[in-house]
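Secondary and tertiary structure notes
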Amino acid sequence: MKLYIVELSSQELVGAIQLWSLITPVNPASTWGPLIFIFAVSASKEAWDDYHRFLSDKIANEKQVWIVKHGIKKHIQAQEIQVGNIVWLRENDEVPCDLVLLVLLIHKVFAMLRLFKCGKKWTHTLQTAALDGETDLKTRVIPSACVGIDLELLHRMKGVLECPVPDKDIRRFDANMRLFPPFIDNDVCSLTIKNTLLQSCYLRNTEWACGASVYTGNQTKLGMSRGIAEPKLTAMDAMIDKLTGAIFVFQIVVVLVLGVAGNVWKDTEARKQWYVQYPAEAPWYELLVIPLRFELLCSIMIPISIKVSLDLVKGLYAKFIEWDVEMIDQETGTASYAANTAISEDLGQVEYILTDKTGTLTDNKMIFRRCCIGSIFYGNENGDALKDAHLLSAITSGSTDVIRFLTVMAIGNTVIPVRSKAGDIVYKAQSQDEEALVIAAAKLNMVFVGKNANLLEIRFNGLTIHCQNGKIILLSKGADESILPYACAGQQTRTITEAVEHYAQLGLRTLCLAWRELEEDEYLEWLVKFKEASSVLVDREWRIAEVCQRLEHDLYILGVTAIEDRLQDGVPETIETLRKAGINFWMLTGDKQNTAIQIALSCNFISPEPKGQLLLIDGKSEEDVSRSLERVLLTMRNTTSEPKDVAFVIDGWALEIAVKHHRKDFVELAILSRTAICCRVTPSQKAQLVEILKSCDYRTLAIGDGGNDVRMIQQADIGVGISGREGLQAARAADYSIGRFRFLKRLILVHGRYSYNRRAFLSQYSFYKSLLICFIQIFFSFISGVSGTSLFNSVSLMAYNVFYTSVPVLVSVIDKDLSETSVMQHPQILFYCQAGRLLNPSTFAGWFGRSLFHAIVVFVITIHAYANEKSEMEELGMVALSGCIWLQAFVVAQETNSFTVLQHLSIWGNLVGFYVINFLFSAIPSSGMYTIMFRLCSQPSYWITMFLIVGAGMGPIFALKYYRYTYRPSKINILQQAERTGGPIVTIGNIETQPRTMEKEVSPLSITQPKNRSPVYEPLLSESPNATRRSFGPGTPLEFFQSQSRLSSSSGYSRNCKDN
């Protein structure tokens, strides 16, 4: 609301001008009073938030921590820690700053220590839930240079830590350590994130630890990540900005016209009147007096109370989401949370939903189902490889390939085994896939017992195997694209490839496992290069990856695993309902293409053949992608099938080429297709796709559950995070967090739609009531010599916007035009919100016209009723003000759809309160309103005037509403009638779409659909440009009403997009 802020600044200027007694037509309190009230409310809110932040910061800053300084161990406050200090931590302590781990206390010092010695390194565990939301424990390791240092010598340790510039990447720390003699001979020891303790993490399973502080204060990784979120501008805010600008221009024009007219009348007519008493000669600034008076009178055209009202109701909308008991995940007890209270109405205008797959559409509860080892399939018969008799027999007989396969499953991971109190082994994993593989291996008698740096302990058939000091073996696990190309020469991988495709068709997640025995010379040569790459400070991750690739060749492919990730409850129904609401869905996933397609089919993303159209865009070169993209575009342009049945599939490689070299064509494809499946995409590509849709002026919602979804969530107009098994990173970065994907239906259809409807009314009504009082002032100027005299006294003007007309509007936050049941049963009505039917220049013009009409009614009836009365101007102003209050009470009542006791009290109680307040002021001699209300209310003519104003003002409005409701009802009116009568809902036709244009300047790219096309369909994944097409006729009519494509030729739809 940038223009509103400009107007608020102009109000401050107006308040300053009112201090000039020659100009101001009213008491300066009429402007300064509301301004002070608004600033007081806003300042109180900010002060309250700042106070709570201050208390929170104070607790964190004043926390006592141990440090070692000059060989002395002492307590200091956390805020006093400096870079280079040695900080000591005990078990369960919160880490006060970013530390490089130096020493862990061993069992000879503390008998109850939970560590054990292993080779040359020491490890412990860390809980990072406060940092990344992941509840699983992480392993942290002492740098190799610090192994073996006695605690007594710690205070004499000297060295250098080479650290990168502070950043917010919590997954990366590329640094080096050099310790001076006698500890180590100045060798470089590379440091990674595994050697650090980051701020706000907690030390677990460790009695004592100490580390050197490297980042403190706002330079810690947590502090760098806190940054101020960029505010999001909703579609409604953008529209209000434009309307505010139009009213501001109108205000300036009115001031100039009346100012000129006032000066002309003064020079031609006023000086002829003896009672005016204008001086013969006036100062140079006299020409500015009348225009400035009108500027003061018209300054309330843009209501300054709207900000307080909108901030209040937006906060209530957010609370409604949090208080919704139907959006609580009963399994985990997780409630919905609104982190951003300013964009709830945008939920009702969502056009595209971009969703992650794993953990968002699925449960992220991985279950090992099938596998293929060598050329033998296991689990195909009963769907559970763990119960496959052939696999169990192969394990019993000691099959070499099977044992190797289980070994890679058990130890090729980052899983941490933890002993429970009962003595059982519990696995803590960051990756649900790895957890599923380790658990499956354990059930197949290959139990992962422990891991600590160089030592890996596994048990096979009850026998403990120590994997150390033996052969050098490379274990590899990954996607088929990254494993199969590096198979050793002569090995047949056709069966493995077929297994991968077969499992993907079943919607299972696949991983290939490989094995290679290394020669010692090869390993040692590689190790030297690996240490060099590990010690660089720039592009370390890339250099390490390059070095590791040198070992990944001649792999012996052991087999492939297949893991099931079930859909969450209610996902298919949610997607189907939201698609009926006209919302388009894109799936952005890192999974394989076939797996993603099967999940899309099972959750109603796309329809199966023959109704579905699934078009593939692939290729490894620019020419191949260009040809594929052109073919798909041609098919999309020439099809008239329902948009919900048309989708395109693209992988990350082809997407990169398409966006880089054929951006215009890809943007056109994005507009034409309502559904897309993007596979093997990176987090940056997810965010890039969101930006492409936003550049076309679509309202986007991104939903995900993991850290790889954060960029996409932050880029979208609305970000929704799911509090899932991958942690809380997505939920913390999002505007809204929910426990399950199915809650998205209620978030959009109920909360989003209600928020949009309520704010549309509140915004336009706020302008209406301000314009009404301004128009009356303007009309009065025509009978007062265009002198800028105010009809209303200062007290009335001050109370009008702040008190008299605000209370009834605030209860509109509980108004419902339809019940929640009707909204959920008929999601198509969301189109009224998506198309902006309730707030646009046309609807605003209606409210503008209503304010003008009501101002004419109030002014004409008031003037004629009291034309022959010997009344004071204060009485005339009070009659006009009373007429405004009566009209607005009936306007609010007319616009209210669902009456409750609270709404009746606010509307009619506010009307009674108006008289009570004015009776009180009329009893005060110094108020300027002494006895006025007593005299008016004792006159029958006053009440007759109120009756005439209400009848003349509301009669035509009620008549027009009755005509529209009876003879030209909207789809919402039909549903309202059905709710009130309790009758059945019959078919009520289609919602007609309206052409949308983009006001912002972008590169033109108009997309229209040709007319008179024959209905066709493309087979799923049709790769041939000459694929056979068959007609399947027009779609079946919907039971309620059809959701038409916004790109249909009948709607004349066109859209411009940025080409950047």
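Scope of this entry: the structure provided in the associated data block. (Residues numbered from 1 in each chain as written. Predicted model: local features only at pLDDT ≥ 70, side-chain atom pairs only at ≥ 80, totals over all residues. Heavy atoms only, no water.)

1. Notes on the side chain of Asp705
Formally: Secondary structure counts use DSSP, requiring at least four H or I residues in a row for a helix and at least two E residues in a row for a strand, with both numbered from the N terminus. Three exposure classes are used, based on accessible area relative to the maximum for each residue type with a 1.4 Å probe and protein chains only: buried under 20%, partly exposed in between, and exposed over 50%. Just so you know, the count uses Lys and Arg for positive and Asp and Glu for negative, and it drops His and the chain ends. The salt bridge definition used is simple: a Lys or Arg side-chain nitrogen within 4 Å of an Asp or Glu carboxyl oxygen. Nitrogen and oxygen atoms within 3.5 Å of one another constitute a polar contact, given that in protein one can donate a hydrogen and the other can accept it, and given that sequence-neighbouring residues count only through two side-chain atoms.
Along the polypeptide, Asp705 turns up in the loop between strand 29 (700–704) and helix 21 (710–715). We note that Asp705 is buried and unpaired, the nearest opposite charge coming from Lys686 at a distance of 7.4 Å. In terms of polar contacts, Asp705 uses its side chain to reach the side chain of Thr360, at 3.5 Å.

2. Some remarks on the packing of helix 9 (residues 400–411) against helix 10 (residues 432–443)
How we decide: In this analysis an axis means a line fitted to C-alpha atoms, helices contributing only their contacting stretch, and an angle means the value between N-to-C directions, from 0 to 180 degrees. Here is the rule for angles: anything less than 35 degrees is roughly parallel, anything more than 145 is roughly antiparallel, 65 through 115 is roughly perpendicular, and the remaining ranges are oblique. A clockwise turn of the near helix away from the far one marks a right-handed crossing, whereas an anticlockwise turn of less than a right angle marks a left-handed crossing. It only takes one pair of heavy atoms within 4.5 Å for two residues to be counted as in contact. Classification convention: Asp, Glu, Lys, Arg as charged; Ala, Val, Leu, Ile, Met, Phe, Trp, Tyr, Cys, Pro as nonpolar; all other residues, Gly among them, as polar.
Following both chains from N to C, one finds helix 9 and helix 10 inclined at 135°, their axes separated by 7 Å at the closest point. Taken as axis vectors, helix 9 and helix 10 run oblique relative to one another. As for how helix 9 packs across helix 10, the hand of that crossing is left-handed. In this structure, helix 9 contributes Leu406, Met409 and Ala410 to the contact, and helix 10 contributes Leu437, Val438, Ala440 and Ala441. Grouping the amino acids of the contact of helix 9 with helix 10 by side-chain chemistry returns seven nonpolar, no polar and no charged.

3. Quick word on helix 16 (residues 593–602)
Those residues of helix 16 that sit buried are Asn594, Thr595, Ala596, Ile597, Ile599 and Ala600. Buried residues along helix 16 sit in contact with helix 12 (494–505), strand 24 (556–567), strand 25 (584–588), strand 26 (613–617), strand 27 (646–651) and strand 28 (675–679). Phi turns positive one or two residues past the end of helix 16, at Asn604, with a value near 70°.

4. Observations concerning unusual backbone geometry
Phi angles above zero are rare outside glycine, and Asp539 is one such case at about 55°. For Arg680, which is not glycine, the phi dihedral falls at a positive 50°. Secondary-structure assignment places Arg680 in the loop between strand 28 and helix 20 (683–695). Taking the relative accessible area as the measure of exposure, Arg680 reaches 27% and is therefore partly exposed.

5. Let's talk about the sheet that holds strand 13 (residues 337–338)
Selection rule: Whether two strands pair comes down to DSSP finding at least two bridges between them.
Strand order in the open sheet made by the nine strands is 13-31-30-29-14-25-28-27-26, with mixed pairing throughout. Either end of the sheet is taken by a strand with one partner, and the two such strands are strand 13 and strand 26. Judged from the four bridges that link them, strand 14 (residues 352–355) and strand 25 form a sheet pairing that is parallel. Each bridged residue has a counterpart across the sheet, and for Tyr352 the counterpart in strand 25 is Asn584. Along the sheet, helix 16 makes contact with strand 25, strand 26, strand 27 and strand 28, crossing strand 28 at roughly 145°. Packing of helix 19 (residues 663–672) onto the sheet brings it into contact with strand 14, strand 25, strand 26 and strand 27, and relative to strand 27 it is tilted by some 140°.

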